[in-house]
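What follows is each chain in one-letter form.
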Amino acid sequence: MGIFSRTRDIVAANFNDMLDKADDPQKMIRMIILEMEETLVEVRASAARTIADQKEMHRHTVKLDKLQADWGEKAALALSKDREDLARAALVEKKKAADMSDQLKQEIAVLDDALRAYEQDIQKLQNRLREARSRQTAIAARLESAENRVKLRSLMTEDRVDDALSRFDQLERRVDYAEGRAEALSISDGSKQPSLSDEIAALEGADAIDDELEQMKKALGKSDAKKED
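On a predicted model such as this, the values are computed, not experimentally measured, just so you know.

## Regarding the overall build of the protein
Assigned secondary structure in the protein consists of 6 helices and 0 strands. Ordering the α and β elements of the protein from the N terminus gives α-α-α-α-α-α. The 229 residues of the protein split such that 19% are buried. Approximately 17,700 Å² of the protein is accessible, and the part contributed by carbon and sulfur atoms is 54%.

## Concerning a negative patch on the surface
A cluster of acidic residues, Asp207, Asp210, Asp211, Glu212 and Glu214, forms a negative patch on the protein surface. Residue placement: Glu214 occurs in helix 6 (residues 196–228).

## Describing the environment of Ala47
Relative to the helices and strands, Ala47 is located in helix 3 (residues 25–80). Overall, the relative accessible area of 10% leaves Ala47 in the buried class. Placed 64 residues apart in sequence, Ala47 and Leu111 show a C-alpha to C-alpha distance of 9.6 Å. The residues contacting Ala47, other than those within four sequence positions of it, are Leu115 and Tyr118.

## Points about the pattern of salt bridges
With the rule as written, the count across this model stands at 8 salt bridges. Measuring nitrogen to oxygen at the nearest pair gives 2.8 Å for the salt bridge that ties Glu37 to Arg133. In this pair, Glu37 is assigned in helix 3 and Arg133 in helix 4 (residues 84–157), connecting sequence segments 96 residues apart. Among the ionic pairs, Asp85 bridges to Arg83, the shortest N-O distance being 3.2 Å. Assessed through its relative accessible area of 45%, Asp85 is described here as partly exposed.

## A short note on the packing of aromatic side chains
When we look at a pair of aromatic rings, we describe it by the centre distance and by the angle of the planes. Throughout the structure, instances matching the rule amount to 0 aromatic pairs. Over the ring of Trp71 we find Lys74, and its NZ or CZ is 4.6 Å from the ring centre.

## Focus: the confidence of the model for the protein
Residues of the protein with pLDDT of at least 70 account for 66%, and the chain-wide mean is 77. Highest mean pLDDT in the protein belongs to helix 3 (89); lowest belongs to helix 1 (residues 3–12) (60). Here residues 223–229 scores under 50 on pLDDT; set against residues more than four positions off or in separate chains, the count is 0 contacts.

## A few points about the environment of Ala48
For Ala48, the position within the fold is in helix 3. Placed 70 residues apart in sequence, Ala48 and Tyr118 show a C-alpha to C-alpha distance of 9.8 Å.

## Topic: unusual backbone geometry
Although it is not a glycine, Asp82 sits at a positive phi angle of roughly 65°. Note that Asp82 resides in the loop between helix 3 and helix 4.

## Things to note about helix 3
One turn of the α-helix equals 3.6 residues, which is why residues spaced by three or four share an orientation. Taking 1.5 Å per residue, 56 residues should reach 82 Å; helix 3 reaches 82 Å between its end C-alpha atoms and fits that length. Once helix 3 finishes, Asp82 follows within two positions and takes phi at roughly 65°, a positive value.

Procedures and definitions
Along every chain, residues carry numbers that run from 1 in the direction the sequence is written. Per-residue local features of the predicted model are confined to residues with pLDDT of at least 70, and side-chain atom pairs are confined, for both listing and counting, to 80 or more; whole-chain, interface and lining totals are unaffected and use all residues. In computing side-chain properties, one takes all heavy atoms of the structure into account and sets aside hydrogens as well as water. Each helix is a run of H or I in the DSSP string that is no shorter than four residues. Each strand is a run of E no shorter than two, and both are numbered from the N terminus. Whether a residue is buried, partly exposed or exposed follows from its accessible area with a 1.4 Å probe, protein chains only, as a fraction of its type maximum: under 20%, in between, or over 50%, in that order. For accessible areas, the Shrake-Rupley method is used with a probe of radius 1.4 Å. Any residue's cover is judged against the shown protein chains and nothing else. In this scheme, patches are assembled from residues that exceed 30% relative accessible area and form no salt bridge. Like charges are connected within 9 Å, while nonpolar side chains (Val, Leu, Ile, Met, Phe, Trp, Tyr) are connected within 5 Å. The working definition used for a salt bridge is a side-chain nitrogen of Lys or Arg within 4 Å of a carboxyl oxygen of Asp or Glu. Lys and Arg are tallied as positive, Asp and Glu as negative. Neither His nor the chain termini are counted. Every charge is mapped onto a representative atom, which is NZ of Lys, CZ of Arg, CG of Asp or CD of Glu. By definition, residues are in contact when any of their heavy atoms lie within 4.5 Å. Pairing of aromatic side chains requires ring centres within 6.5 Å, counting the rings of Phe and Tyr and the six-membered ring of Trp. Pairs whose planes differ by under 30 degrees are stacked, by over 60 edge-to-face, and all others tilted. Remark: a charge is flagged as sitting over a ring if the NZ atom of Lys or the CZ atom of Arg is within 6 Å of the ring centre and within 35 degrees of the ring normal. Per residue, pLDDT captures the predictor's confidence, and it can take any value from 0 to 100. Helices are assigned an expected span. That span is 1.5 Å times one less than the residue count.

Right, dumping it as structure tokens:
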């Protein structure tokens, strides 16, 4: 397949359709990118060769233009010496140089068109390559996400998760039991220190008792006063 045909096929390719039909989209996108990169290298190499050929033709046209000038001067010199035959021959050579120069300039114009086509193809290939690489990144991210979801679902459906949760429950029960024993021991041996709330509640209780005791004293005082009367 020629380079231009390959370029047209790549530019016209429907990535979505190709990826939908592929058994392995990630592998398919890698193949597409590789094909595009290789084609891009070939197009650039062809463009470089065309530029080199064009420069060489330009050099030849410069030489031919100079040669035309030289033959024109020789024809004028021969004619000034009354050598019309030599002048005619010099003009024939000048025409040959002119014809060759015109032909080269036509070929240079053709190469100009080819270079413009190469430039357009390179731009299109670069755009498609960026698109393909973007698709590759998106596909890789989706694939990784899907694989992670599969792993997570597989993990949640396995008995290992239930076993682990059951062991956590057992461990919490053991901790609760150990804490309960420690509190029970501190109560039994009287070593448990009252909390701040307990101390404040005790003070409130003492105040209540003092108030009630004072009321009882007052009540008793009134009774004694009546007895003395």
